[in-house]
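Here is what each chain is made of, one letter per residue.
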Amino acid sequence: MTAQSNAGVGEAGTTVTRRLVIADMAHQYSVAPVADAPVLVAELAAEAGDGTRAMEFLRPGQTASGALSAVRATGQIQPLAPPAAPLPTWSCTHFPADFTAYLANALAATDGIENSASATLSALGPLLLLRTHTTASGPFTEVLICARYRAHGTLFVRTARFAHAADISLADLVARALEYRTVLQDHMRIESNAYINCEEDIEIEQKVTLLDEASIWSLTKDMWTAVEAGDFPGFITYPGYELTRWHFVQHNFEVTGPAEEVGHYAFQENPGNRYQLKMKKFPADALRRQETFRKGVEVPGGDFEAYLAREFPALSFRRLPSFRRTRFDVNVHSLATGHGFGIETDEVTVDAAGGRKLRQVEMEYLETYRHEGLDATTIDDEMERLTRLVEAHLAKAGVASERNHYSKLSFLRDCVAAGATAPSPTPQP
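Residues numbered from 1 in each chain as written. Predicted model: local features only at pLDDT ≥ 70, side-chain atom pairs only at ≥ 80, totals over all residues. Heavy atoms only, no water.

**So, the overall build of the protein**
Definition in use: Numbering of helices and strands runs from the N terminus, with a helix taken as a DSSP run of H or I at least four residues long and a strand as a DSSP run of E at least two residues long. Whether a residue is buried, partly exposed or exposed follows from its accessible area with a 1.4 Å probe, protein chains only, as a fraction of its type maximum: under 20%, in between, or over 50%, in that order. Throughout, a contact is declared for two residues whenever any of their heavy atoms are within 4.5 Å. Only the protein chains shown count as cover for residues, and all accessible areas are computed by the Shrake-Rupley method using a 1.4 Å probe. Charge counting treats Lys and Arg as positive and Asp and Glu as negative, with His and both chain ends excluded. Taken as the charge location is NZ of Lys, CZ of Arg, CG of Asp or CD of Glu.
When you go through the protein residue by residue, the secondary structure sums to seven helices and 20 strands. Over its C-alpha atoms, taken along the principal directions, the protein stretches across nearly 85 × 45 × 40 Å. Counting across all 429 residues of the protein, residues that qualify as buried make up 50%. Considering only contacts within the protein whose residues lie at least 6 apart along the sequence, 68% involve residues at least 24 apart. If you sum the accessible surface of the protein, you get close to 18600 Å²; carbon and sulfur atoms cover 53% of it. With 40 positive and 54 negative side-chain charges, the protein shows a spacing of 4 Å between the two charge centroids.

**Considering unusual backbone geometry**
Here the bond from Gly257 into Pro258 is cis, since omega is 0 degrees, no more than 30 degrees from zero. Positionally, Pro258 belongs in the loop between strand E13 (243–257) and strand E14 (263–270). Despite not being glycine, Cys92 has its phi angle at roughly 60 degrees, a positive value. Examined against the element boundaries, Cys92 turns out to sit in the loop between strand E6 (77–79) and helix H1 (97–111). Under the relative-accessibility criterion, Cys92 is labelled partly exposed at 31%.

**Considering the packing of aromatic side chains**
We apply this condition: Whether two aromatic rings pair depends on their centres lying within 6.5 Å, for rings of Phe, Tyr and Trp, where Trp uses its six-membered ring; planes under 30 degrees apart make the pair stacked, over 60 edge-to-face, and the rest tilted.
Applying the stated criterion across every chain, the model contains 21 aromatic pairs. Pairing Phe253 with Phe267 gives two aromatic rings, centres 6.0 Å apart and planes at 80 degrees, and the pair type is edge-to-face. One end of the pair, Phe253, is in strand E13; the other, Phe267, is in strand E14, with 14 residues separating them in the sequence. Residue classification places Phe267 among the buried residues on the basis of a relative accessible area of 0%. Among the aromatic side chains, those forming a connected cluster through ring pairs are Phe253, Tyr265, Phe267, Tyr275, Phe304, Tyr307, Phe312 and Phe317.

Written out as structure tokens, the structure reads:
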């Protein structure tokens, strides 16, 4: 696939200077530092626009630099002889071979000691990405720290921004940026702690119902390709979690009372004769619905009615038809806000309704990377922007669709109204 673009956020006519800081991992983790390890600063291609970034993702080709410097522990700046052409500075977990050869020679020439770099280079890795803006009120720099390494790129998340003089030296700029490396470090040093759900137990989801027959697998692959090609400006696929696949056999119940508890309970079959119970509370189809789960549920004899009567005696239920659901997700993040969303294309089949199908693309909020300036109030606007991009993509593909909040519960009600029957209750022992 072609490399994703970080363009598309911010206004044209200005540029942002970007510098990749490669340093000893001891700056971020409690490991023994390597003596005399330099801090390497690689100036990357300037970025058009003046937009800030909650996060940025660099693929190997996007780390290419033709201007590099070494900053020593003493604060001394040593510009390195430039390579003949810009070279990618990082790939997966290592310096690329041609960059390694260049760097060893450049450091040796600077130090006057052959092989002076060999003992220190293995300690280094991408640590920070600095984004320097020049504005009417004065320059400022965003500090983004490494949050995730993957074979196809490195993810950085903003932990701070600071104003500074226009003539700040590179050594002082790096030194000030390093002062902020501990901000959010307790979250960033453990990947599973790096993000939060801004609205716990609330499902936030836009729905686009497909009106044409369509292959959801083909749509998913095309959607993924489009995001990777930069057709969804300001969004990138989630590094290491780009595409996920799901399949459920689901047994459904409508909660009919009391009024403040109405909604949809569903038992999703899991291997090992256990279920995940999904519990949604909502009086009407809407953007937000309360959603909680019970995992590893045992239902002796598959008697769902008995389980519900025992566990939720204050609620009344109506059995609805079971269905099979297949879902393919393209998971994306917004560079501007750090919010993560699933573009989830699914197909539901109700066998009791003669194989009646529902196909939808759902834009669901997943999580937000913790970062300086985190603003949960931007979730809806960014989801709206993503939904419009999805709608435009579907229209370009010639697939008719309709945006609505049409839920699986409403679909099942319609199936019943059309004559579908629910499975017979499991006989009591």
